[in-house]
Amino acid sequence: MSSQICRSVARAARTLLSASSKQSSRAFSGRSAAAAAAVALRGRATSLAAYGRMDSENASGNWISGLLAVPAAAYMLTEQEAHAAEMERTFIAIKPDGVQRGLIAEIISRFERKGFKLVAIKVVVPSKEFAQNHYHDLKERPFFNGLCDFLSSGPVVAMVWEGEGVIKYGRKLIGATDPQKSEPGTIRGDLAVVVGRNIIHGSDGPETAKDEINLWFKPNELVSYTSNAEKWIYGAN
């Protein structure tokens, strides 16, 4: 529900952006208003109801009045951040076996060809303690130590991908945990053979994605930008 609210607000903000570009006498730029609207209303569903009651004749004026209540710092945000508020993000990691086998470009290309956008990437060698934090939900499983030993055994390519439905569909691109049960056309189905060397990890839900992104990346390592290809992927909003 919250993602639907973010999308609705950000799209309405872009409508305001278009209108404000024709009325340069506004007290602040339409671009700032668009960003502020998306960020200010993110997670504030109750505010949306109030905006939903405004009539079309006074729509722009009510938006402006409502936005004046937003802290001034929010106006410094960019339109790109308003756009990012619409999009889902997930954490994807190419494990040491995938790196050592030279599969980085192959895996990245599959996400790019689908239409998802790379917003963070780095190569790291995780410590054993870091690997234990990553797999904390599996600490009671008998294979936990071996899993952590493997993740910390060499370089890992950590990434954050963005796009509509990227968490759920990212898992489909990856395939089942056991490569023998993965469909042909998936990453594991095409490129892996056994569970212990299944080459890639992907977040399995929104909360997991949030936690894993926060674990592997600092906020300033995540980039918000608009890809030139997006209008061909999502169409006009």
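Rules behind the numbers
Per chain, the residues get numbers from 1 upward, laid out in the order the sequence is written. Reporting in this predicted model follows two pLDDT cut-offs: at least 70 for local features of residues, and 80 or more for side-chain atom pairs to be given and counted; totals over whole chains, interfaces and linings ignore these cut-offs and use all residues. Note: side-chain values were computed over all heavy atoms of the structure, leaving out hydrogens and water. Under the scheme used here, helices are H or I runs from DSSP no shorter than 4 residues and strands are E runs no shorter than 2 residues, and both carry numbers assigned from the N terminus. Partly exposed residues are those whose accessible area sits between 20% and 50% of the maximum for their type, while under 20% is buried and over 50% is exposed, using a 1.4 Å probe and protein chains only. Should any heavy atoms of two residues lie within 4.5 Å, those residues are considered in contact. Throughout, the Shrake-Rupley method with a 1.4 Å probe supplies accessible areas, and for residues the shown protein chains are the sole cover considered. By convention, a stacked pair of Phe, Tyr or Trp rings (six-membered ring in the case of Trp) has centres within 6.5 Å and planes under 30 degrees apart, an edge-to-face pair has planes over 60 apart, and any other such pair is tilted. A fitted line through C-alpha atoms represents every axis, and for helices the fit uses only the stretch in contact; the resulting angles, taken between N-to-C directions, go from 0 to 180 degrees. By the definition adopted for this analysis, an angle is roughly parallel if under 35 degrees, roughly antiparallel if over 145, roughly perpendicular if from 65 to 115, and oblique otherwise. For any pair of crossing helices, the crossing counts as left-handed if the nearer helix is rotated counterclockwise from the farther one by less than a right angle, and right-handed if it is rotated clockwise. Under the scheme applied here, ten amino acids are nonpolar (Ala, Val, Leu, Ile, Met, Phe, Trp, Tyr, Cys and Pro), four are charged (Asp, Glu, Lys and Arg), and all others, including Gly, are polar. UniProt positions are given in the numbering used here, feature names are shortened, and annotations may be inferred rather than shown by experiment. Among buried residues, those of type Ala, Val, Leu, Ile, Met, Phe, Trp, Tyr and Cys that are joined through side-chain atoms within 4.5 Å constitute a nonpolar core. The working definition used for a salt bridge is a side-chain nitrogen of Lys or Arg within 4 Å of a carboxyl oxygen of Asp or Glu.

Once that is clear, we can look at the overall build of the protein chain. Of the regular secondary structure elements, the protein chain holds 13 helices and 4 strands. A buried classification covers 41% of the 237 residues belonging to the protein chain. Here the contacts in the protein chain between residues at least 6 apart in sequence split such that 78% fall between residues at least 24 apart. Summing over all exposed atoms, the protein chain offers an accessible surface of approximately 13,000 Å²; the carbon and sulfur share of this is 52%.

It is worth spelling out the packing of aromatic side chains at this point. Note on aromatic pairs: each is described by the distance of the centres and the angle between the planes. Going through the model one piece at a time under the given rule, you end up with 4 aromatic pairs. Pairing F111 with W161 gives two aromatic rings, centres 5.2 Å apart and planes at 25 degrees, and the pair type is stacked. With F111 in helix α7 (residues 104–114) and W161 in strand β3 (residues 156–163), the pair connects residues that are 50 residues apart, well separated along the chain. Each member of the pair, F111 as well as W161, is classed as buried. Taken together through their ring pairs, the aromatic side chains of F91, F130 and W216 make up a single cluster.

On to the packing of α7 against helix α10 (residues 166–174). Where α7 contacts α10, the two axes come as close as 11 Å, and the packing angle between them is 135 degrees. It follows that α7 is oblique to α10 by the angle criterion. Of the two possible hands of crossing, α7 and α10 adopt the one that is right-handed. On α10, the residues that touch R110, F111 and K114 of α7 are Y169, G170, L173 and I174. Of the residues in the contact of α7 with α10, the class split is 4 nonpolar, 1 polar and 2 charged.

The next point concerns the environment of T90. Looking at where T90 falls in the secondary structure, it is placed in strand β1 (residues 88–94). Overall, T90 belongs to the buried group, its relative accessible area being 1%. Between the C-alpha atom of T90 and that of E212, which follows or precedes it by 122 residues, the distance is 8.4 Å. Excluding residues that lie within four positions of it along the chain, T90 makes contacts with M159, V160, W161, V166, I167, S203, A209 and I213.

The next subject is the UniProt feature "active site" (unreviewed entry) in the protein chain. Those places that UniProt annotates as "active site" (unreviewed entry) correspond, in this numbering, to H201. For H201, the position within the fold is in strand β4 (residues 200–202). Among residues more than four places away in sequence, those in contact with H201 are F91, I92, A93, K95, H134, I174, R188 and E212.

Glancing now at the nonpolar core. Judged by nonpolar contacts, the single largest core of 20 residues is most densely connected at I107, F111, W161 and I200. Among the secondary structure elements, those contributing two or more residues to this core are β1, α7, β3, α10 and α11 (187–191). Among the elements that make up this core, the one with the highest residue count is α10 (4 residues). Look past the residues within four positions of I200 in its chain and what remains in contact with it is I92, A93, K95, I107, F111, I174, I187 and R188. In this structure, A120, L138, F144 and V156 belong to the second largest nonpolar core, which totals 16 residues.

Before going further, it helps to spend a moment on the pattern of salt bridges. Using the criterion set out here, one finds 7 salt bridges in the structure. One salt bridge connects E162 with K117, and the closest N-O pair in it is separated by 3.1 Å. Within this pair, whereas E162 is found in strand β3, its partner K117 is found in strand β2 (residues 117–124), the two being separated by 45 residues in sequence. Of the two residues, E162 and K117, neither departs from the other in class, the shared state being buried. Here K128 and D149 are joined by a salt bridge, their closest N and O atoms 2.8 Å apart.

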